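One-letter residues, chain by chain:
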Amino acid sequence: MNQDGAKRWVAVVGNPNAGKSTLFNALTGLRQRVGNYPGVTVEKRTGTAFTLHGDALELIDLPGMYSLSPRSPDEKIAWQVLHGESKGVPRPDAVLCVVDASNLERNLFLVTQVMELGLPVLVALNMVDMAEAKGIHLRPQELSQKLGVPFIPTQAHRGKGLVELRAALGQGLHRPGPRQWAMPPPLAAAVGQIAAAWRESLPAEVTAEGKALELLAGSNVGPEGARKLAAGWRERFRKEAYDWSAAVIHARYEYVRNVLGAAGVLGGSRIATWTDRIDSIVLHPVAGWGVLAGMMMTLFISIFSIASYPMEWIDAGFSWTGLFLEQRMPEGVLRELLVNGVVAGVGGVVIFLPQILILFFFLGLLEDSGYLARAAFLLDRVMHRVGLSGKSFIPLLSSYACAIPGIMATRTVEDPKDRLTTILIAPLMSCSARIPVYTTLIAAAIPAALVPIWGKAAAFLGLYILGTGTAFFLAWFFRKKMLGGGSPPLILELPPYRIPAVRSVALRMWERAIIFLKRAGTVILALSILLWFVSSFPVRSEDPAEKLAGSYAGQLGHLLEPIIRPLGFDWRIGIGLVGSLAAREVFVSTMSIVYHVGGEEAGLVADMQGAHWPNGDPIYTPLTCLSLLVFYVYALQCLSTVAVAKRETGGWGWPAFMMLYMTALAYGAAWIVQIVGRALGFS
Amino acid sequence: MSESWQGWVVGGVVLGALIYLVIRFFKPKGGKGSGCGKCSS
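Residues numbered from 1 in each chain as written. Chains lettered and ligands numbered in written order. Predicted model: local features only at pLDDT ≥ 70, side-chain atom pairs only at ≥ 80, totals over all residues.

(A) The overall build of chain A, seen in detail. Counting secondary structure elements, chain A contains 30 helices and 6 strands. Residues counted as buried form 47% of the 683 residues belonging to chain A. Within chain A, contacts between residues separated by at least 24 positions form 71% of all contacts whose residues are at least 6 apart in sequence. (Helix = DSSP H or I, 4+ residues; strand = E, 2+ residues; numbered from the N terminus. Buried ≥ 20, exposed ≤ 12 C-beta atoms within 10 Å, placed from the backbone. Contact = placed C-beta atoms within 7 Å.)

Structure representation (C-alpha cells):
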C-alpha cells in the first residue's frame, strides 16, 4: 500500500524472453502463458503479489520491448502503461525491470531508458544460472552501486531469489538519480533547450530530459513551445545529416559497457557451449530441414500410434454409455436425444482428446527447449522470400494450435501490412480442431490393414505442408501483389536450449485438456443437441434412413447437393459442412449424429466406409476423402476466428474477405482434386 | 404420457441449447474469455 493507503502498482518490463511472465507467475501464483521464445506476451496482464510483510502489490506484466520507442502494437501497450496512458491502469508507482543476466549489455540498455521515466526502479537479474554457465561473473552489488538501482539475482523458473525480490519490493524504492550517460554535444544542446521549455510544467519526479528525447523522436505530447523547439531541432539535424537517434543509442551502449566494466562483470567465454553445438546441426541449411521434418514425423506418428490406445478406451466408454441408456431408458424422444445426439455428438469429438494432448505435449517440449525459435530461423529464408518477416513466425506457429491466439500474437508484428498478411493467412495453418476431421477422413480413405502407421502420419504431414505451403504462396501474393511494400529483415533472438520443465509441459497439457473438455461440454454439446434436432424432425417416416432424408437437415443437405456434387460430396456431407461452419471439429459430431439418426451404428469410420450413392457406388472413395480433406485444409469453418479477426483489423471488411477467399479456395481446390483424380482414372 | 413428458423435456433442452449458442456467439467480444474457448485468451 502507498502512504495514502492506495494500492501500489508495479509494472514488470524487460526485453522479450527475459523471463518476465515466468517471474510474474512466480510472484502472483497465476498461470500466465510463458514460453522459451520472444513475443509470447502480447497484452498487459495484472495480478496481485505480496511483499514479505504481506502488503499487496498489483503487478502489471507487459509485453517484451527492446527500447522505449514503441514500434509494434504490443510495444505500444507497454509504453502506454509506463506513461500512465492505458485505460483502467494507473501510472505505475514503480517498475520491476527483468533482465536476462546472460545478455546484460542489451538488457541494460532498456534499463537506462526506464530509469529516465522518473519512477522508482528495481532490477531482477534473472537467469543467473544461464549466465554463470556461460562463464559470466555477475556482481549484483557492484552493478547496484554503479547504476544506482537495486539488483536482485533471480532464477524465476526455479523460484530462486523471490524472497529477496519481495523484500526489496516491500522496502521504499528510490527514484534513480540524474542521467549518467554522456549525451553527445549537438544533441545535448537540443535536449537542454527543449527540456528547459517544458521543465516548469512537469511534475518534479518526471525527468525533463527523457521527455525532451521523446519529443525529439516525434511524440506530440507536451507544451506547444517545447513541441515547436523539438520540430526545429529535428529539421536542423535532418539538414545536417546528423543521426541523433543513433548517437543516443551509441552513447547509452557506451555507458552500459562502462558500467559493466567498472562493476567487474566479465563477459562469457568464447568456448562453444552446448547450445552452439546443437545449433551447428539444427541450423544447418540441409541437416536443419531434416531435423525439422524428423520432428514433425515423430509427432504425427505419435499422434496415430500412442493415442490409439486411450482413444479406444474413450470410444468403448461412450459406446457402453449409449448401450446402457438404450437398455435402461424407455423408448422415446429423450432416449433418442441422449443416445443419438449427446453421446454420439460429444463422444465423437472427445475421443480425439489424446491426439490433441500429444500435439501439445510435443509443442510444449519444443517450445520450452528453445527449438521453436530455431525452426523460425530456418523458415525465415522462405518467409522473407514471400515478403514476410520472421516476426510472423510465432503468430503462424501459434495458429497450429488455434488461429485465435495466433491472430492475437500478430500484435508483435511492427509493419501493418505484414501484420494484416499474417492475420489473413493464419487460419490456413492446420489448427488442433482439424485433427478430428483429418484423422476420421484418413481412416475412412485408407483401410488400416493396407497402410502402416507411418503412411497415415505421412498423409497427416502432407496436409500440414499443403496448408503451410499455400499460406506462404498467398502471403507472397497478398504482400507483394496486393498490399505492396518491402519486408524488413529478421532480427531474431535465439534463446539458449533448456531442458523442458516437466511441470510446465504437464500443466499446459492439463490446461488444454480442461479447455477441450469444457468446450465439448458446452459449445459442442449445444451444437450436437441442435444438430440432432434438425436431423430428427419433422418425422416423416419410421425408417431411419428416410427419417433423416426428410428432416430439416436432410432437406438442407439435398438442397446443397447440386452445389457440392462436383466435389464428390453427397447431401449428408453437406449437412456436415453446414454443421461445422461454427467450428471445424463439429463435422465429426455432425456425421456421427447423421449416421446414428440414419440407423447406422457400426462406428463413424465404418459407417462412412459403408455409405453408398443410390446407384450402389461407395461415397467415401479415397478420391472423395482427399477432396474433403483438401476442403478442410482451406475452409474457414470457425466463427471465433472471424470474430477475433474483426477485433484485430478493426472492421468487418478483412474478415469478410478472409471468409470469401478461403471458402472459394476450399471449393476450388476440392473441385480440382476431383477433376484431376478422375482424369487419372480414380473414382 | 411418458412420450409427452419426454417431448417437453427435449423441447426445453433444444431451446436451451439454442439460447446458449446465440448468447455464446453474439455476446460482445473483448478481453478474457472472448475467444472460442480453445485457447486461454
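From this point, things continue past the structure.
(B) Quick peek at the overall build of chain B. Summing up its helical and strand segments, chain B has 1 helix and 0 strands in all. Within chain B, the proportion of its 41 residues that are buried is 20%.

(C) Summary view of the packing of helix H25 (residues 571-579) of chain A against helix H26 (residues 586-597) of chain A. Residue and element names in this part refer to chain A. Axis separation between H25 and H26 bottoms out at 8 Å; the angle between their running directions is 140°. As the angle between them shows, H25 and H26 are arranged oblique. Judged by the sense of rotation from one axis to the other, the crossing of H25 with H26 is right-handed. Here Arg572, Ile575, Gly576 and Gly579 of H25 lie close against H26, whose contacting residues are Val586, Phe587, Thr590, Met591 and Val594. In the contact of H25 with H26, the residues fall into 5 nonpolar, 3 polar and 1 charged. (Axes fitted to C-alpha atoms, helices over the stretch in contact; angles between N-to-C directions. Parallel < 35°, antiparallel > 145°, perpendicular 65-115°, else oblique. Left-handed = near helix turned anticlockwise from the far one by under 90°. Nonpolar A, V, L, I, M, F, W, Y, C, P; charged D, E, K, R; others polar.)

(D) View of the sheet that holds strand E3 (residues 56-61) of chain A. Residues and elements named next belong to chain A. The strand order across the open sheet formed by 6 strands is E2-E3-E1-E4-E5-E6, and the pairing between neighbours is mixed. For this open sheet the edge positions go to strand E2 (45-50) and strand E6 (151-153), each flanked by a neighbour on one side alone. Neighbour-to-neighbour, the strand axes of this sheet turn through a mean angle of 25°, independent of strand direction. Relative to strand E5 (residues 121-126), strand E4 (residues 94-100) runs parallel, the two being bridged by 6 bridges. Each residue of the ladder has a partner; that of Val95, found in E5, is Val121. (Pairing = 2+ DSSP bridges.)

(E) Region of the structure containing helix H3 (residues 104-114) of chain A. All names here are of chain A. Across the 11 residues of H3, 8 count as buried, placing the element largely inside the fold. Inspection of H3 places Leu104, Asn107, Leu108, Leu110, Val111, Thr112, Gln113 and Val114 among the buried residues, and these make up the whole buried set. Those residues of H3 that are buried are in contact with strand E1 (8-14), E4, E5 and helix H10 (244-262).

(F) Here's a closer look at the pairing of E4(A). Residue and element names in this part refer to chain A. Counting buried positions along E4 yields 6 of 7 residues, so the element is predominantly enclosed. Bridging between E1 and E4 involves 5 bridges; their strand directions are parallel. Bridged to Gly14 within E4 is Val98. As a crossover connection, the stretch from E4 through H3 into E5 is right-handed. (Right-handed = clockwise from strand over helix to strand, strands pointing away.)

(G) Broad picture of unusual backbone geometry. Residue and element names in this part refer to chain A. Cis geometry marks the peptide bond from Phe537 to Pro538; its omega dihedral reads -10°. Mapped onto the elements of the fold, Pro538 is located in the loop between helix H22 (502-536) and helix H23 (544-550). The backbone of Met127 shows a phi angle near 60°, a positive value even though the residue is not glycine. By the secondary structure assignment, Met127 is in the loop between E5 and helix H4 (128-133).

(H) View of the environment of A:Ser398. All names here are of chain A. When you line up the elements, Ser398 lands in helix H17 (residues 393-399). Look at Ser398 and you get buried, because 27 C-beta atoms sit within 10 Å. Linking Ser398 and Met429, residues 31 residues apart in sequence, is a C-alpha distance of 9.0 Å. Those residues in contact with Ser398 that sit more than four places away from it in its chain are Pro405, Gly406 and Ala409.

(I) Geometry of the environment of A:Phe352. All names here are of chain A. Summarising the element assignment, Phe352 is placed in the loop between helix H14 (333-350) and helix H15 (353-369). Its 25 C-beta neighbours within 10 Å are what place Phe352 among the buried residues. Through-space distance from the C-alpha of Phe352 to that of Thr439 is 8.8 Å; in sequence the pair is 87 residues apart. Those residues in contact with Phe352 that lie beyond four places of it in its chain are Ile435, Pro436 and Thr439.

(J) View of the nonpolar core. All names here are of chain A. Judged by nonpolar contacts, the single largest core of 123 residues is most densely connected at Leu441, Leu629 and Phe631. Ranked by residue count, the leading element in this core is H22, at 12 residues. With near-sequence residues (within four places) excluded, Phe631 lies in contact with Leu567, Ala666 and Ala670. Formed by 60 residues, the second largest nonpolar core is a distinct cluster that contains Leu23, Leu82, Leu260 and Ala263. (Core = buried A, V, L, I, M, F, W, Y, C linked by C-beta atoms within 7 Å.)

(K) Representation of the environment of A:Pro405 in the model. All names here are of chain A. Tracing the chain through its elements places Pro405 in helix H18 (residues 403-409). A residue is classified by how many C-beta atoms lie within 10 Å of it, and Pro405, with 21 of them, is buried. Separated by 10 residues in the primary sequence, Pro405 and Pro395 have C-alpha atoms spaced 7.5 Å apart.

(L) Quick look at the packing of H14(A) against H22(A). All names here are of chain A. Following both chains from N to C, one finds H14 and H22 inclined at 135°, their axes separated by 9 Å at the closest point. Overall, the two elements H14 and H22 adopt an arrangement that is oblique. The interaxial crossing formed by H14 with H22 has right-handed handedness. Contacts from Glu336, Leu337, Asn340, Gly341, Val342, Gly345, Val346, Val349 and Val350 in H14 reach Ala520, Ile524, Leu525, Ser528, Ile529, Leu531, Trp532 and Ser536 in H22. Its residues assigned to classes, the contact of H14 with H22 shows 11 nonpolar, 5 polar and 1 charged.

(M) How the structure looks around the confidence of the model for chain B. Put simply, chain B has an average pLDDT of 70, and 56% of its residues get 70 or more. Predicted confidence is poor over residues 29-41 of chain B, with pLDDT under 50, and the contacts of this stretch with residues over four places away or in other chains come to 32 contacts. (pLDDT = per-residue confidence, 0-100.)

(N) Spotlight on the pairing of E2(A). Residue and element names in this part refer to chain A. One ladder, built from 6 bridges, connects E2 with E3; its direction is antiparallel. Its bridge partner being in E3, Thr46 is matched across the sheet by Ile60. Where E2 hands over to E3, the hairpin turn is made up of 5 residues, of which Gly54 adopts a positive phi near 85°.

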